[in-house]
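Now for the letters of each chain:
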Amino acid sequence: TRLHLTRLTLSLGALLGAATLTSAQARTLAEIKASGTLKIGTNAEFKPFTYFEGNTMKGFEYDLGNAIAKQMGVKAEWINQPFDNLLIGLNQNRFDLVISSHGITPERARAVDFSLPHYCSGGVILSRPGGPKTAADLKGKTVSTQVGTTYVDQIKKVTGDRNLRLFPNNSGALQALMSGRVDAMVNEKFYSLEALKLNGKKLQQGEMLFQEKLGMAVAKGNKTLLGAVNASLKTVQANGTYAKISRSHFGQDVRCR
Ligand code: LYS
């Protein structure tokens, strides 16, 4: 037992040490510019934000990230990862920037640094006709969502841990709703609209549970990159690029006001 404990402590220490070392090595703006490529992590199964159509990545955040990279004078290289791995991967220096609809929360802001919000949205209730539509309706009902998201805490607040059903992917959470394994799903407003469009009369949208500001993330302390990302976001928001991209995906401008 003692040997086991020692081994465990050692490997944990090594892991923490490695994490600290790599996060200290996050690429600076100068290094990124010299390489010509900005590496962006995302979870591309979140239409209309980032998603695949065949082998091609698309979406609002995909277009926005490319516009920001262009503004910085580099090319974006997109890396698709499970949502729950993204902020960890950032601090392990697997990518320079994460653009994946992260709600800016104090908890996350302790681990990474967030840009200015790149859009504002919220989590809505989705159910089958006759199912729950309000926060009050959700009490005692089973609710699905994606693991690691801000929706998790909001669902717990209204229906408790016991009724929460977590899925690695949004598609799994949606499938659980469609097949009747859960009573409702909570997910992002525009993601839910896509699901409604695809599934016609089989689904209904309920009320918005909460609102949030969504931001892009860099490794903790990567000030030069954060400055360039914020400056580029401001530029594309001022010169019409942002509005054009936003309207093409949502039919409206989703910037925070
Ligand atoms: N906005 C939610 C969050 O911050 C969902 C993120 C994207 C999920 N694919 O956790």
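What you are looking at is a predicted structure, and each value in this text was computed from that prediction instead of being measured. (Residues numbered from 1 in each chain as written. Predicted model: local features only at pLDDT ≥ 70, side-chain atom pairs only at ≥ 80, totals over all residues. Heavy atoms only, no water.)

A.B. asks: Would you mind going over the overall build of the chain with me for this structure?
C.D. replies: Per the secondary structure count, the chain includes 11 helices and 11 strands. Its C-alpha atoms give the chain a radius of gyration of 20 Å, near enough to 18 Å, the size a compact globule of 257 residues would have. In terms of overall dimensions, the chain has C-alpha extents of about 65 × 55 × 35 Å along its principal axes. Buried residues in the chain amount to 48% of all 257 residues. Sequence-distant contacts in the chain: of pairs separated by 6 or more residues, those separated by 24 or more amount to 69%. (Helix = DSSP H or I, 4+ residues; strand = E, 2+ residues; numbered from the N terminus. Rg over C-alpha atoms; globule rule 2.2 N^0.38 Å. Buried < 20%, exposed > 50% of the residue type's maximum accessible area, 1.4 Å probe, protein only. Contact = heavy atoms within 4.5 Å.)

A.B. asks: Any chance you could explain empty space enclosed by the protein here in plain terms?
C.D. replies: With a probe scaled to a water molecule rolled over the atoms, the places where space remains empty come into view. Under the definition given, this model contains one cavity of 30 Å³ or more. Estimated volume of the largest cavity: approximately 110 Å³. In this structure, the largest cavity is lined by Asn 43, Phe 46, Phe 83, Ser 100, Ser 101, Arg 108, Gln 146, Thr 149, Thr 150, Tyr 151, Asn 170 and Glu 212. Its residues placed into classes, the lining of the largest cavity shows three nonpolar, seven polar and two charged. (1 Å grid on protein atoms, 1.4 Å probe; cavity = no way out; pocket = protein on both sides within 12 Å on 5 of 7 lines; lining within 4 Å. Points joined across faces, edges and corners; volume = space filled by probe spheres on them. Nonpolar A, V, L, I, M, F, W, Y, C, P; charged D, E, K, R; others polar.)

A.B. asks: Teacher, can you tell me more about the nonpolar core here?
C.D. replies: Most often, soluble globular proteins keep nonpolar side chains buried together rather than apart. Formed by 57 residues in total, the largest nonpolar core has its most connected members in Leu 38, Phe 60, Met 72, Leu 97, Leu 126, Val 186 and Tyr 242. With six residues, helix α10 (residues 223-238) is the largest single contributor of residues to this core. Each residue touching Met 72, except ones within four places of it in the same chain, is listed here: Leu 29, Lys 33, Leu 38, Leu 225, Ala 228, Val 229 and Ser 232. (Core = buried A, V, L, I, M, F, W, Y, C linked by side-chain atoms within 4.5 Å.)

A.B. asks: Looking at this structure, how should I read the layout of surface pockets?
C.D. replies: Looking at the largest pocket, its volume works out to about 420 Å³. Forming the walls of the largest pocket are 19 residues, and the residues nearest its centre are Leu 87, Thr 105, Glu 107, Arg 108 and Gly 148. Those elements that provide at least two residues to the lining of the largest pocket are α4 (86-91), α5 (106-111) and α7 (151-159). Examining the composition of the lining of the largest pocket, we find that four residues originate from one element, α4, more than from any other. Of the residues that constitute the lining of the largest pocket, the class distribution is seven nonpolar, eight polar and four charged.

A.B. asks: Could you clarify how one ought to interpret the side chain of Gln 154 in this entry?
C.D. replies: Tracing the backbone shows Gln 154 in helix α7. Under the relative-accessibility criterion, Gln 154 is labelled buried at 18%. With sequence-adjacent residues up to four places away left out, Gln 154 is seen in contact with Leu 209 and Phe 210.

A.B. asks: Could you clarify how one ought to interpret helix α8 (residues 170-178) in this entry?
C.D. replies: Residues separated by three or four positions in an α-helix point in the same direction, a consequence of the helix having 3.6 residues per turn. What α8 keeps buried is the set Asn 170, Ala 173, Leu 174, Ala 176 and Leu 177. The buried side chains of α8 occupy one side of the element, clustering within an arc of 155° when seen end-on. Each element contacted by the buried residues of α8 is listed here: β2 (45-46), β7 (112-127), β8 (143-146), β9 (164-167), β10 (184-188) and α9 (189-199). Gly 180, located one to two residues past α8, shows a positive phi value of around 85°. (Arc of directions from axis to C-beta.)

A.B. asks: How should the environment of Arg 108 be read in this particular structure?
C.D. replies: Turning to its location among the elements, Arg 108 is positioned in helix α5. Sequence separation between Arg 108 and Gln 71 is 37 residues, and the spatial gap between their C-alpha atoms is 27 Å. Ignoring any residue separated from it by four or fewer positions in sequence, one finds Arg 108 in contact with Phe 83, Leu 87, His 102, Gly 103, Phe 114, Gly 148, Thr 149 and Thr 150.

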